[in-house]
Amino acid sequence: MTTNQYTPLFRLVSKFLKYFLLTLFGFAIAYVLSISLGILDVVPILIFLLQRLFVPLGTILLCLIVIAVLWESLR
């Protein structure tokens, strides 16, 4: 294996990070649209999802990023 190729773990983590950030961006757009259009019933649902779903997923993703970076640096 040459040093220019990334490990499968690094590629997997980068895909997870991409979709995680795209989802957060989508939630930000939904939040701004709900505030600007006056549909305030959606805001508690979005906050609940962020607290219960995305905080643990973000923590797991952060740990995976640290593992992938350490694995790449040890290679």
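Here's a quick rundown of the structure. From a predicted model like this one, the values you see are computed outputs, not experimental measurements.

Attention shifts here to the overall build of the chain. A count of helical and extended segments in the chain gives 2 helices and 0 strands. The C-alpha atoms of the chain give a radius of gyration of 17 Å, which is well past the 11 Å a tight globule of 75 residues would have. Along the longest, intermediate and shortest principal axes, the C-alpha atoms of the chain span 55 × 20 × 15 Å. When the 75 residues of the chain are sorted by exposure, 16% land in the buried category. Here the analysis covers contacts within the chain between residues at least 6 apart in sequence; of these, 76% occur between residues at least 24 apart. If you sum the accessible surface of the chain, you get close to 6000 Å²; carbon and sulfur atoms cover 76% of it.

Turning our attention to the packing of aromatic side chains. Evaluation of the coordinates by the stated rule reveals 3 aromatic pairs. With 4.8 Å between their ring centres and 25 degrees between their planes, Tyr6 and Phe10 make a pair best called stacked. With a relative accessible area of 26%, Phe10 lands in the partly exposed category. Through a chain of ring-to-ring contacts, three or more aromatic side chains come together here, namely Phe20, Phe27 and Phe54.

Along the polypeptide, Ser34 turns up in helix 1 (residues 8-37). Side-chain polar atoms of Ser34 contact the backbone oxygen of Tyr31, separated by 2.8 Å. Aside from chain neighbours lying at most four places away, what touches Ser34 is Ile39, Leu40, Val42 and Val43.

Helix length check: helix 2 (residues 42-74), at 33 residues, gives a terminal C-alpha distance of 46 Å against a target of 48 Å (1.5 Å per residue), a fit within 8%. If you look at helix 2, its biggest bend is around 40 degrees, right at Phe54, and the proline Pro56 turns up within four residues after that. Within the span of helix 2, buried status applies to Val43, Leu46, Phe54, Gly58, Leu61, Ala68 and Glu72. The inward-facing, buried residues of helix 2 contact helix 1.

Reading guide: rules and limits
Within each chain, residues carry numbers counting from 1 in the order of the written sequence. A pLDDT threshold of at least 70 governs which residues receive local features in this predicted model, and a stricter bar of 80 or more applies before side-chain atom pairs are shown or counted, although totals over entire chains, interfaces and linings include all residues. Computation of side-chain values covers all heavy atoms of the structure but excludes hydrogens and water. Counting from the N terminus, the helices are the DSSP runs of H or I reaching at least four residues and the strands are the DSSP runs of E reaching at least two. Throughout, radius of gyration means the C-alpha value; the globule benchmark is 2.2 Å times the number of residues raised to the power 0.38. Whether a residue is buried, partly exposed or exposed follows from its accessible area with a 1.4 Å probe, protein chains only, as a fraction of its type maximum: under 20%, in between, or over 50%, in that order. By definition, residues are in contact when any of their heavy atoms lie within 4.5 Å. For the area figures, the Shrake-Rupley method with a 1.4 Å probe applies, and any residue is considered shielded solely by the protein chains shown. Only the six-membered ring of Trp is used, alongside the rings of Phe and Tyr, when aromatic pairs are assigned; centres must lie within 6.5 Å, and planes under 30 degrees apart are stacked while those over 60 apart are edge-to-face, with the rest tilted. Distance and chemistry together define a polar contact, namely a pair of N or O atoms within 3.5 Å, with one atom able to donate a hydrogen and the other to accept it when in protein, and with adjacent residues in sequence counting only for side-chain atoms on both sides. One fewer than the residue count of a helix, multiplied by 1.5 Å, yields its expected span. We define the bend at each residue as the angle formed by axes fitted to the 7 residues ending at it and the 7 residues starting at it.

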